Amino acid sequence: MRDMKDKRMGLEDAVHEYVKDGCSVTYGGMAGREPTAVSYELVRQRKKDLVFITDTTVDAAEILIAGGCLQKVECAYIWVGVVGSGLNYRRAIEESIPNYIKTEEYSNFGCSMRFLAGAMNVPYMPIKSLLGSDVITHNPNIKVIDNFYGTGPLAFVPAARPDVAFIHVQRADKMGNAQIWGMYANDDNICRAAKKVVLTCEEIIPTSDIRKIPNMTAIPSYCVEAVVETPFCCHPLPVSGYYWMDIPFRREILGASKTREGIVAWMDEWIHGVKDFNAYKEKVGPKRLAKLYEMESDNYHIPEIVLNG
Amino acid sequence: MTFSTDYNTNELMAVIVSKQIKNDDVVFIGVGIPLLAGILAVTTHAPNAILIYEGGGIGARTRRLPWTISDNPTTDNALAAQTMWRVFSDQQRGFITLGIIGGAEIDRHGNLNTTVILGGDHTYTHPKIRLPGSGGANDIASSAGRTIIMMRMQKKKFVRKLHYITSPGHLNGPGARKKAGLVGGGPQAAITDKCIFGFDSQTKEMVLTALYPGYTVDDIRESVGWDLKVAKNLEEVPPPTEEQVHILRAYDPMGFVLSSKTVVGQNGFDVFCDRVQKGYRALQEGSEI
């Protein structure tokens with residue numbers, strides 16, 4: 001039995017303990033607050049046959065695909081957005097390299113409501129999206145029913161209950177009360193839909209500071225199994241109030257992803273070639289990380305009351 | 001007001017999309033040119049319009065361009081920071097008056113494909129080209145009050161029949177959306193890099209309504225995979241103003257969106273930080289005058 005008052009543990013141990021080959025995994029955030037460090041660790045530990053359940057995930061999903069960790073994605077969008085194409089996702093689907101990945105598709109609202117259903121412990125939720133589209137044609141788990149009240153057709157999406165969720169937040173206490181600044185994505189529901197939640201955070205703060213601004217708490221500690229303090233966890237993706245997206249670094253991953261050999265060499269250098277995430281950060285360079293932090297504080301401000309109570 | 005003589009097509013498209021945003025609109029905004037168009041609208045002719053981002057940001061007055069629909073500035077200087085399921089529920093409820101979306105393929109009724117390209121023996125599970133999927137586009141196409149489509153014109157994109165309907169336009173014509181159970185109004189216009197299309201109120205089919213400077217009806221006809229309908233009073237789109245171009249470039253000083261430029265390496269990193277910072281500082285100083 002874990003200590004319920006102090007759930008802190010290391011990233012390596014958390015990934016080793018909570019992720020078994022073949023289980024289903026989800027991430028919080030969406031581009032912002034995607035736990036990239038968790039993807040690196042899953043690849044480093046060579047986890048296999050995972051089912052990745054998400055709404056939209058960018059680079060953190062591409063790395064899992066390139067690392068051969070996934071057998072299936074349940075999603076609305078896997079790509080790398082404004083930076084370019086999801087080259088690793090394309091290679092997996094079109095050429096089965098490194099392995100074919102099944103795709104069970106929804107829309108972002110569809111995925112959102114799957115997590116809400118999971119969080120409410122009900123089997124499905126009805127929505128008015130997806131109707132008339134081929135998303136329904138190719139996903140038998142979406143049911144269209146002219147509903148019981150006779151008010152017209154609805155699309156029913158099944159609840160999502162991932163085995164483990166990794167959710168990155170700005171700050172949390174050691175029990176796992178987690179505060180998010182900026183957009184929440186679906187994290188208030190993902191933390192309740194998942195069977196187990198591993199929180200990663202930029203910093204651990206005293207519970208007394210959590211109590212000063214309870215409205216910022218998105219995740220209460222009773223949802224959480226483990227707390228992993230991981231500053232810069234999302235690099236090269238951003239965290240509101242903490243650091244910018246490192247677009248040049250994302251471009252380098254994208255450039256490496258143009259060929260299978262390229263991304264394998266990139267993973268050898270940046271994932272297998274470093275001992276852990278701290279070594280990765282050393283390799284990225286403390287000066288560069290500090291600059292991303294500095295740029296964020298230059299044009300995005302968390303109010304003083306939040307920082308100092 | 002002075003018209004710009006030095007602008008590119010992306011800048012013109014951003015200006016045209018921004019004009020579609022009215023002062024009382026609540027807009028679901030996507031990444032890239034639509035995002036710049038939204039920012040241009042709220043800093044010029046539509047100061048009361050509320051921009052909504054899928055990550056949960058509502059009404060941000062960003063001090064720099066967000067690089068994704070959930071990037072940090074999407075809640076900078078904002079009215080509210082909420083959840084994804086909540087902003088999509090707000091859309092289904094009817095609060096979002098306008099959505100802006102794009103696609104890899106479009107048909108004459110404004111249905112969009114962003115999922116798979118087939119052909120030959122290819123199937124949905126083994127496509128010729130795999131694309132990102134819906135993201136929030138299906139939801140916006142389904143439930144926003146009206147939608148504006150943004151697409152580059154190529155014959156392989158403007159097709160008779162889609163390989164896959166990701167986001168519903170007017171489906172197969174009049175009445176089809178209502179029958180399917182969709183609550184939103186569907187596409188109102190399609191804005192391309194050569195022209196603007198409207199949708200006929202009777203047939204729900206695309207109609208060429210305006211040309212950009214330098215293009216003819218034949219140019220457009222060549223790029224469309226069906227029998228093109230042309231409006232009786234075809235208009236020519238005016239160029240952007242100098243002010244509009246200035247604002248767009250200040251928000252995208254690296255040309256990530258406007259010129260599809262790229263940066264890599266440590267040197268690229270330093271240039272990236274420096275240029276973006278100069279851009280937003282210039283804007284802040286400009287607004288104080």
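Residues numbered from 1 in each chain as written. Chains lettered and ligands numbered in written order. Predicted model: local features only at pLDDT ≥ 70, side-chain atom pairs only at ≥ 80, totals over all residues.

**Section: the overall build of chain A**
Argument step 1. Broken down by element type, chain A carries 13 helices and 14 strands.
Argument step 2. A globule of 309 residues ought to have a C-alpha radius of gyration of about 19 Å, and chain A, at 19 Å, matches this closely.
Argument step 3. Each principal axis of the C-alpha distribution contributes one length, and for chain A these read about 60 × 50 × 45 Å.
Argument step 4. Going through the 309 residues of chain A one by one, you find that 58% of them count as buried.
Argument step 5. Partitioning the contacts of chain A with sequence separation of at least 6, the portion at a separation of at least 24 is 74%. (Helix = DSSP H or I, 4+ residues; strand = E, 2+ residues; numbered from the N terminus. Rg over C-alpha atoms; globule rule 2.2 N^0.38 Å. Buried ≥ 20, exposed ≤ 12 C-beta atoms within 10 Å, placed from the backbone. Contact = placed C-beta atoms within 7 Å.)

**Comments concerning the overall build of chain B**
Argument step 1. Secondary structure assignment for chain B yields eight helices and 14 strands.
Argument step 2. Here the C-alpha atoms of chain B give a radius of gyration of 19 Å, agreeing with the 19 Å that 2.2 N^0.38 yields for 289 residues.
Argument step 3. For chain B, the spread of C-alpha atoms along the principal axes amounts to about 50 × 45 × 40 Å.
Argument step 4. Expressed as a percentage of its 289 residues, the buried residues of chain B come to 55%.
Argument step 5. Counting only contacts in chain B whose residues sit at least 6 apart along the sequence, the fraction spanning at least 24 positions is 63%.

**Digging into the interface of chain B and chain A**
Argument step 1. At the interface, 59 residues of chain B touch 59 residues of chain A.
Argument step 2. Of all the elements in the fold, those that place two or more residues in the side of chain B that touches chain A are helix H3 (84-93), helix H4 (137-143), helix H5 (176-180) and helix H8 (265-288) of chain B.
Argument step 3. Considering each element in turn, the side of chain B that touches chain A owes the most residues, seven residues, to H8 of chain B.
Argument step 4. Residue composition of the side of chain B that touches chain A, by class: 25 nonpolar, 26 polar and eight charged. (Nonpolar A, V, L, I, M, F, W, Y, C, P; charged D, E, K, R; others polar.)

**Quick word on the nonpolar core**
Argument step 1. Core analysis: the biggest nonpolar cluster contains 190 residues, and Leu199 of chain A together with Val17, Val27, Leu36 and Ile52 of chain B have the highest contact counts within it.
Argument step 2. The element that contributes the greatest number of residues to this core is helix H2 (residues 33-43) of chain B, accounting for eight residues.
Argument step 3. Not counting the four nearest positions on each side in its chain, Val27 of chain B is found in contact with Ile21, Gly38, Ala49, Ile50, Leu51, Ile52, Leu98 and Ile100 of chain B. (Core = buried A, V, L, I, M, F, W, Y, C linked by C-beta atoms within 7 Å.)

**With respect to the environment of Ala80 of chain B**
Argument step 1. Turning to its location among the elements, Ala80 of chain B is positioned in strand E4 (residues 80-81).
Argument step 2. Setting aside its immediate chain neighbours within four residues, Ala80 of chain B contacts Ile58 and Gly59 of chain B.

**Topic: helix H1 (residues 9-20) of chain B**
All names here are of chain B.
Argument step 1. Helix length check: H1 (twelve residues) gives 17 Å between terminal C-alpha atoms against 16 Å at 1.5 Å per residue, within 8%.
Argument step 2. Most of H1 is tucked away, with nine of its twelve residues classed as buried.
Argument step 3. For H1, the full list of buried residues reads Asn10, Glu11, Leu12, Met13, Ala14, Val15, Ile16, Val17 and Ser18.
Argument step 4. Packing partners of the buried residues in H1 comprise H2, strand E5 (98-102), strand E10 (146-150), strand E11 (187-191), strand E12 (195-199) and helix H7 (242-251). (Expected span 1.5 Å × (residues − 1).)

**Some details on the packing of H1 of chain B against H2 of chain B**
Residues and elements named next belong to chain B.
Argument step 1. Contact geometry for H1 and H2: axes closest at 8 Å, N-to-C directions at 55°. By the angle between their directions, the pair H1 and H2 is classed as oblique. Note that H1 runs across H2; the crossing there is right-handed. The residues of H2 that touch H1, namely those facing Asn10, Met13, Ala14, Val15, Val17 and Ser18, are Ile33, Pro34, Leu36, Ala37, Leu40 and Ala41. (Axes fitted to C-alpha atoms, helices over the stretch in contact; angles between N-to-C directions. Parallel < 35°, antiparallel > 145°, perpendicular 65-115°, else oblique. Left-handed = near helix turned anticlockwise from the far one by under 90°.)

**Some remarks on the sheet that holds strand E7 (residues 124-127) of chain A**
Residue and element names in this part refer to chain A.
Argument step 1. Spatial strand order, E7-E9-E8: three strands in an open sheet with antiparallel pairing. Unpaired on one side and paired on the other, E7 and strand E8 (143-146) mark the two borders of the sheet. For this sheet, the mean angle separating the axes of adjacent strands, direction not counted, is 35°.
Argument step 2. Set on the sheet, helix H5 (residues 108-120) makes contact with E7 and strand E9 (153-158); between it and E7 the angle comes to about 145°. (Pairing = 2+ DSSP bridges.)

**Quick word on unusual backbone geometry**
Argument step 1. Here Ile97 of chain A and Pro98 of chain A are connected by a cis peptide whose omega angle stands at -5°.
Argument step 2. Here Pro98 of chain A is to be found in the loop between helix H4 (87-95) and strand E6 (102-105).
Argument step 3. In this structure, Pro236 of chain A follows His235 of chain A across a cis peptide bond, with omega equal to 10°.
Argument step 4. Backbone geometry at Phe232 of chain A places phi at a positive 60°, although glycine is not the residue there.
Argument step 5. Here Phe232 of chain A lies in the loop between strand E14 (226-229) and helix H9 (247-256).
Argument step 6. Residue classification places Phe232 of chain A among the buried residues on the basis of 23 C-beta atoms within 10 Å.
Argument step 7. Positive phi is not limited to glycine here, since Leu171 of chain B has a value of about 50°.
Argument step 8. Considering the arrangement of structural elements, one finds Leu171 of chain B in the loop between E10 and H5.

**Digging into the environment of Gly132 of chain A**
Argument step 1. Along the polypeptide, Gly132 of chain A turns up in the loop between E7 and helix H6 (134-137).
Argument step 2. Take Gly132 of chain A: there are 27 C-beta atoms within 10 Å of it, and that puts it in the buried class.
Argument step 3. Along the sequence, Gly132 of chain A and Val73 of chain A sit 59 residues apart, while their C-alpha atoms lie 23 Å from each other.
Argument step 4. Excluding residues within four positions of it along the chain, Gly132 of chain A makes contact with Pro168, Leu171, Arg177, Ala180 and Leu182 of chain B.

**Brief notes about the pairing of E7 of chain A**
Residue and element names in this part refer to chain A.
Argument step 1. Residues of E7 alternate between two faces, with Met125 and Ile127 buried on one and Tyr124 and Pro126 left unburied on the opposite face.
Argument step 2. Of the pairings in the sheet, the one linking E7 to E9 comprises four bridges and is antiparallel in character. Counted as the bridge partner of Ile127 is Ala155 from E9.

**Here's the deal with the pairing of E9 of chain A**
All names here are of chain A.
Argument step 1. The pairing of E8 with E9 spans four bridges and is antiparallel. Paired with Asp146 across the bridge in E9 is Pro153.
Argument step 2. In this antiparallel pair of consecutive strands, E8 and E9, the connection spans six residues, and Gly150 shows a positive phi of 70°.

**A look at helix H2 (residues 36-44) of chain A**
Residue and element names in this part refer to chain A.
Argument step 1. Most of H2 sits out of view: nine of its nine residues are buried.
Argument step 2. Of the positions making up H2, those classed as buried are Thr36, Ala37, Val38, Ser39, Tyr40, Glu41, Leu42, Val43 and Arg44.
Argument step 3. Buried positions along H2 lie against helix H1 (11-18), helix H3 (59-66), strand E10 (164-172), strand E12 (196-204), helix H10 (260-272) and helix H11 (277-284).
Argument step 4. A positive backbone phi angle near 50° is found at Arg46, which sits one or two residues after H2.

**What to know about the environment of Ile263 of chain A**
Residue and element names in this part refer to chain A.
Argument step 1. Structurally, the position occupied by Ile263 is in helix H10.
Argument step 2. Sequence separation of Ile263 and Ile167 is 96 residues, and the distance between their C-alpha atoms is 26 Å.
Argument step 3. Setting aside residues no more than four positions away along its own chain, Ile263 makes contact with Ala66, Asn88, Ala256 and Ser257.

**Let's talk about the confidence of the model for chain B**
Argument step 1. Residues at a pLDDT of 70 or more form 99% of chain B, whose mean pLDDT is 93.
Argument step 2. With pTM at 0.97, the complex prediction returns an ipTM value of 0.97. (pLDDT = per-residue confidence, 0-100.)

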